[in-house]
Structure formats: C-alpha cells, structure tokens
Amino acid sequence: MTTTRTVQITFDCADPAALAAFWTEALGYKIQDPPPGFATWDDALDAFGVPAGDRNIASGIVDPAGAGPRLFFQRVPEGKQAKNRVHLDVRAAPGLQGDERMAALEEEATRLGKLGAARLQRNEPAPPLSFGNIVMADPEGNEFCLD
C-alpha cells in the first residue's frame, strides 16, 4: 500500500531570515506562526533559552491557505557551489500564452528583482514544447524559474 506524504523544501543558506523574507514576498507565503502559547518567535526562543546570536539559524514559511509545501531555510557555513539540481518553478503566468504570457513573466521578474532576485536568462516560447520562461536567482543565488 502506498502512503501519501507531504514534502518540505529545504534551502541551505547564509541568512535564513532574509531568504525567508524574500520567498514570502515571491510566493505570497507567510512566516510560520510560533509554537502554541507564544505570541512571537522571540517569546518562544527566549523561553527555549536560545541566545540572541543563534536566532537566525533557521526559518520556516508556509502557504497561508495550507495548499503549498512548507519552505525551510537553514544556515550552513559554506556558500553555494554550483547550479541547483532541484529548483522551484514559480507559476507566474498560469493559462497565458505567447506575448501575454511573456509580459506577465517580465512583470514578475521586475517585481522580484526589486526584492533582490537576479535575472539569469529568458527562454522564448518554442511551441509546441515550450511556452517560454525566465530563469532567475534568489538573493543567495538559488536558481528558480518564472513559468
């Protein structure tokens, strides 16, 4: 019997709080609520005895509607070394095609650029297999596609 599983997507990074903030804006997510009984994460971390200098070792964000996967950001000592083997496709133009689709992707690329993302490449539509996309990198260089 097969069991359905949920997934969490984890990012190794240098600054979990900053990268979580970028992705909350990119996806319309929110920072995960603190544990029950705590008004803020600082209240919870104070209660758990976590020193102030260790409070940016991890951050989680969630889809407010509960439909998308949780994204988790964890601090690691090493920097990004090579191209991602797995990446996110941000569905920024669902149902659109041609010039209308590419215009919507360009608009989203501009918005995310203002948040610290970098534009890497534009791939033009090539029917019937490709509707076109824009390859971007988040503020720490993790590639993702506007699709």
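Report on the accompanying structure. Source: prediction; values computed, not measured.

**Thoughts on the layout of surface pockets**
In this structure, the largest pocket occupies an estimated 410 Å³ of space. Along the wall of the largest pocket there are 20 residues; nearest its centre are Thr10, Phe11, Asp12, Asn84 and Asn142. Only strand S1 (8-13) and strand S8 (143-146) provide two or more residues apiece to the lining of the largest pocket. The residue inventory of the lining of the largest pocket, partitioned by class, reads nine nonpolar, six polar and five charged. Taken as a whole, the second largest pocket spans an internal volume of roughly 350 Å³. Lining the second largest pocket are 17 residues, with Trp41, Leu45, Arg55, Ala58 and Ser59 positioned closest to its centre.

**Brief notes about the sheet that holds strand S2 (residues 30-31)**
Ordered in space as S1-S4-S3-S2, the four strands form an open sheet in which the pairing is mixed. Strands at the two margins of the open sheet, each flanked by one partner only, are S1 and S2. Here strand S3 (residues 58-62) pairs with strand S4 (residues 70-75) via four bridges, running antiparallel. Across the sheet, residue Gly60 finds its bridge partner in S4, namely Phe72. Where helix H1 (residues 16-27) meets the sheet, it contacts S1, S2, S3 and S4, and its direction lies at approximately 160° from that of S4.

**Some remarks on the environment of Ser130**
Assignment of secondary structure puts Ser130 in the loop between strand S6 (118-123) and strand S7 (133-137). Judged by its relative accessible area of 27%, Ser130 falls in the partly exposed class. The spacing of Ser130 and Lys30 is 100 residues in sequence and 31 Å in space, taken between C-alpha atoms. If we ignore the near neighbours within four places in the chain, the residues touching Ser130 are Glu124 and Pro125.

Rules behind the numbers
Residues numbered from 1 in each chain as written. Predicted model: local features only at pLDDT ≥ 70, side-chain atom pairs only at ≥ 80, totals over all residues. Heavy atoms only, no water. 1 Å grid on protein atoms, 1.4 Å probe; cavity = no way out; pocket = protein on both sides within 12 Å on 5 of 7 lines; lining within 4 Å. Points joined across faces, edges and corners; volume = space filled by probe spheres on them. Helix = DSSP H or I, 4+ residues; strand = E, 2+ residues; numbered from the N terminus. Nonpolar A, V, L, I, M, F, W, Y, C, P; charged D, E, K, R; others polar. Pairing = 2+ DSSP bridges. Contact = heavy atoms within 4.5 Å. Axes fitted to C-alpha atoms, helices over the stretch in contact; angles between N-to-C directions. Buried < 20%, exposed > 50% of the residue type's maximum accessible area, 1.4 Å probe, protein only.

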